Amino acid sequence: MVKMYLLFFDRNNACFTPAYDLVNIAMFPQFKNVLAMAIGEEFEPGDIHAYQLTDFAVECGIQPRLLSRLRIELADKVLGELANDVIMNRLKRMPRFSAADLQYFETLTENILTRTEFLKSEASEIPRADIRSLI
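What you see is a predicted model, and the numbers here were worked out from it, not measured in a lab. (Residues numbered from 1 in each chain as written. Predicted model: local features only at pLDDT ≥ 70, side-chain atom pairs only at ≥ 80, totals over all residues. Heavy atoms only, no water.)

A. Inspection of the environment of L7 at higher detail. By secondary structure assignment, the location of L7 is in strand β1 (residues 7–9). Linking L7 and T17, residues 10 residues apart in sequence, is a C-alpha distance of 5.6 Å. When sequence neighbours within four positions are dropped, the list of residues in contact with L7 reads C15, F16 and T17. (Helix = DSSP H or I, 4+ residues; strand = E, 2+ residues; numbered from the N terminus. Contact = heavy atoms within 4.5 Å.)

Okay, here's the thing in structure tokens:
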């Protein structure tokens, strides 16, 4: 078995990174943006809607209403953190980031906000989705 570890180093210490293999590929048009594992038999992120999310919930033994509620709560937290520019304002005060870095962070923020808003709107439809048409 191969195990991968990634460490984050700052001036004072080193620690394990909490999510070392997450990259927002959607921001890079030269790469194909597909999921490693299907959600409701769908690998294309843009094609995941309430039906696929409901199918995912059923396959995992999760009540669709619970999945809907948790996704909406998580989306609200993400939107709340990013929409008020607190993170971007903090990054702008850090001298180690260049103008190009800050532009990348702005684009990343916009991408995450757009995708989160979409997934939140789909999550609200999960309890009403009829997956019998998918079976």
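B. Geometry of the confidence of the model for the protein. Looking at the protein, pLDDT values average 85 and 89% of them are 70 or higher. The secondary structure element of the protein with the lowest average pLDDT is β1, at 76, and the one with the highest is helix α2 (residues 64–83), at 93. (pLDDT = per-residue confidence, 0-100.)

C. Fine view of the side chain of E42. With respect to the element layout, E42 can be found in the loop between β2 (14–16) and α1 (50–59). Among buried Asp, Glu, Lys and Arg side chains, E42 stands out as unpaired, with K32 the closest opposite charge at 9.0 Å. Within the structure, the side chain of E42 is placed 3.0 Å from the backbone nitrogen of E44, a separation counted as a polar contact. If sequence neighbours within four positions are ignored, E42 has contacts with L35, D47, I48 and Q52. (Buried < 20%, exposed > 50% of the residue type's maximum accessible area, 1.4 Å probe, protein only. Lys, Arg positive; Asp, Glu negative; His and termini not counted. Salt bridge = Lys/Arg side-chain N within 4 Å of Asp/Glu carboxyl O. Polar contact = N/O pair within 3.5 Å; in protein donor to acceptor, adjacent residues only side chain to side chain.)

D. Expanded view of α2. End to end, α2 covers 27 Å across 20 residues, agreeing with the expected 28 Å (1.5 Å per residue, within 8%). Inspection of α2 places P64, L67, S68, A75, L79 and L82 among the buried residues, and these make up the whole buried set. One side of α2 carries all its buried residues, which in axial view fall inside an arc of 95°. Those residues of α2 that are exposed and angled more than 90 degrees off the buried face are R65, L74 and K77. Tucked into the core, α2 has its buried residues touching α1, α3 (86–92) and α4 (99–123). (Expected span 1.5 Å × (residues − 1). Arc of directions from axis to C-beta.)

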